[in-house]
Amino acid sequence: MHVWNVRNQVGESPVWDAASRSLFWIDVRAPAVLQLFPDSGHLTRWLLPEVVGALALAQGKQIVLALRHRLALLDTDTGELSLMPVIACEPEGNRLNEGKVSPSGKWFVFGSMDDRTGQKQATGNLYRADAGGSITRLHEGLVIANGIVWSADGTSLYFSDSHAGLIWHAPWQESLGCMGQPELFATSPEAEGRPDGALLNRAGHYVSAGVSASCLNTFAESGALLEKTALPVRAPTMPCVGGADGASLFVTSLVRPGWNVEGTQDGKLIEMTAPFSAVPSTRWLGSMLY
């Protein structure tokens, strides 16, 4: 295991870019985009003008970001940030959170969450953006949208509500970007590890960061808990397979307000030998946002 001391407040959304042999991810509260070249240890940061909730690869040297209330494209060559209009139906107290590119690259599916302190409400939504930037709401009634992944054949979409500790799956029609009626897939409460970011490995298992229990939870296709893997951080946020030949498993983490992080690995990036393989990340086909 290797621990990268990246000092994140809320590390999230790691994505391996095979073309550059580097890992991209975000620090939600910095707010910033980070890029690590594990071979050399070189780390680059791009500071952002507002809070960021998700990152995915786009075309060329671009990455798509979910900012507070809108999407954006960051050109990592020039640092130029192209902004999309604000999503009008999002409540002021919400922010965007989590996002992944669909198997064909046609759709960027992302969520939102109640970002207020105190008692949170189910004001979060699930959206999809097409390659032209047009946005459609897929689902509503979530507190913290998270854990977005697709089945290997692209016919099922998984997502979670981190606040409720619930994971769903729903039929997915990739050609149209349509989601069917969600069904409960698994529950993972506070003590077991509320479900944060996730991946689906090649065996068809849903691997979820247990953000409240220092672990990764691996669920079978039936939704049964198969394995719990302990991690050296109190709040892991999302796993990602990458590195040379997909041999590494990266896990981001966060630091909660008031935590004393001295002598801990909290807020750092964990890299370990991957115990499974996973489908590489897809690039979003969107290239212009208006």
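Residues numbered from 1 in each chain as written. Predicted model: local features only at pLDDT ≥ 70, side-chain atom pairs only at ≥ 80, totals over all residues. Heavy atoms only, no water.

*Asks:* Just checking my understanding: could you explain the environment of Thr136 for this structure?
*Replies:* Inspection of the secondary structure assignment puts Thr136 in strand β13 (residues 135-142). Each C-alpha atom, one on Thr136 and one on Gly177, is 9.4 Å from the other, the two residues being 41 residues apart in sequence. Beyond its immediate sequence surroundings of up to four residues, Thr136 is in contact with Leu126, Tyr127 and Arg128. (Helix = DSSP H or I, 4+ residues; strand = E, 2+ residues; numbered from the N terminus. Contact = heavy atoms within 4.5 Å.)

*Asks:* Help me understand the layout of surface pockets, please; the structure alone is not making it clear to me.
*Replies:* Sizing a probe to match a water molecule and rolling it over the atoms shows the empty space that remains. Of the volumes computed, that of the largest pocket is approximately 800 Å³. Broken down by secondary-structure element, the contributors of at least two residues to the lining of the largest pocket are β2 (11-17), β6 (52-57), β10 (94-101), β14 (145-150), β19 (195-200) and β23 (236-242). Among the elements that take part in the lining of the largest pocket, β23 stands out by supplying five residues, more than any other. Taken together, the residues of the lining of the largest pocket sort by class into 24 nonpolar, ten polar and six charged. In this model, the second largest pocket occupies a volume close to 630 Å³. Forming the boundary of the second largest pocket are 24 residues, of which Arg29, Arg95, Met113, Leu254 and Arg256 lie nearest the centre. Residue composition of the lining of the second largest pocket, by class: eight nonpolar, seven polar and nine charged. (1 Å grid on protein atoms, 1.4 Å probe; cavity = no way out; pocket = protein on both sides within 12 Å on 5 of 7 lines; lining within 4 Å. Points joined across faces, edges and corners; volume = space filled by probe spheres on them. Nonpolar A, V, L, I, M, F, W, Y, C, P; charged D, E, K, R; others polar.)

*Asks:* When you look at the sheet that holds strand β21 (residues 215-219) in this model, what are you seeing that I'm missing?
*Replies:* The strands making up a sheet associate through backbone hydrogen bonding, with each pair oriented either parallel or antiparallel. Spatially, β19-β20-β21-β22 is the arrangement adopted by the four strands of the open sheet, whose pairing is antiparallel. Single-partner strands in this sheet number two, and they are β19 and β22 (225-230). Within the sheet, the average angular offset between the axes of one strand and its neighbour, ignoring direction, is 25°. Bridge count between β21 and β22: five bridges; the pairing is antiparallel. Looking across to β22, one finds that Cys215 is bridged to Ala230. (Pairing = 2+ DSSP bridges. Axes fitted to C-alpha atoms, helices over the stretch in contact; angles between N-to-C directions.)

*Asks:* Is there a simple way to explain the sheet that holds strand β9 (residues 81-83) in this structure?
*Replies:* Taken together, the four strands give an open sheet; going across it, the order is β6-β7-β8-β9, and neighbouring strands pair in antiparallel fashion. Each edge of the open sheet is held by one strand with a lone partner, namely β6 and β9. Neighbour-to-neighbour, the strand axes of the sheet open up by a mean angle of 25°, direction not taken into account. Relative to strand β7 (residues 62-67), β6 runs antiparallel, the two being bridged by five bridges. Looking across to β7, one finds that Val52 is bridged to Leu67.

*Asks:* Would you mind going over the state of the cysteines with me for this structure?
*Replies:* As used here, a disulfide is simply a covalent bond connecting the sulfur atoms of two cysteines. Per the counting criterion, the structure on display carries zero disulfides. The structure places no disulfide on Cys178, whose sulfur is separated from the nearest cysteine sulfur, that of Cys89, by 17 Å. By relative accessible area, which is 34% here, Cys178 ends up partly exposed. (Disulfide = S-S within 2.5 Å. Buried < 20%, exposed > 50% of the residue type's maximum accessible area, 1.4 Å probe, protein only.)

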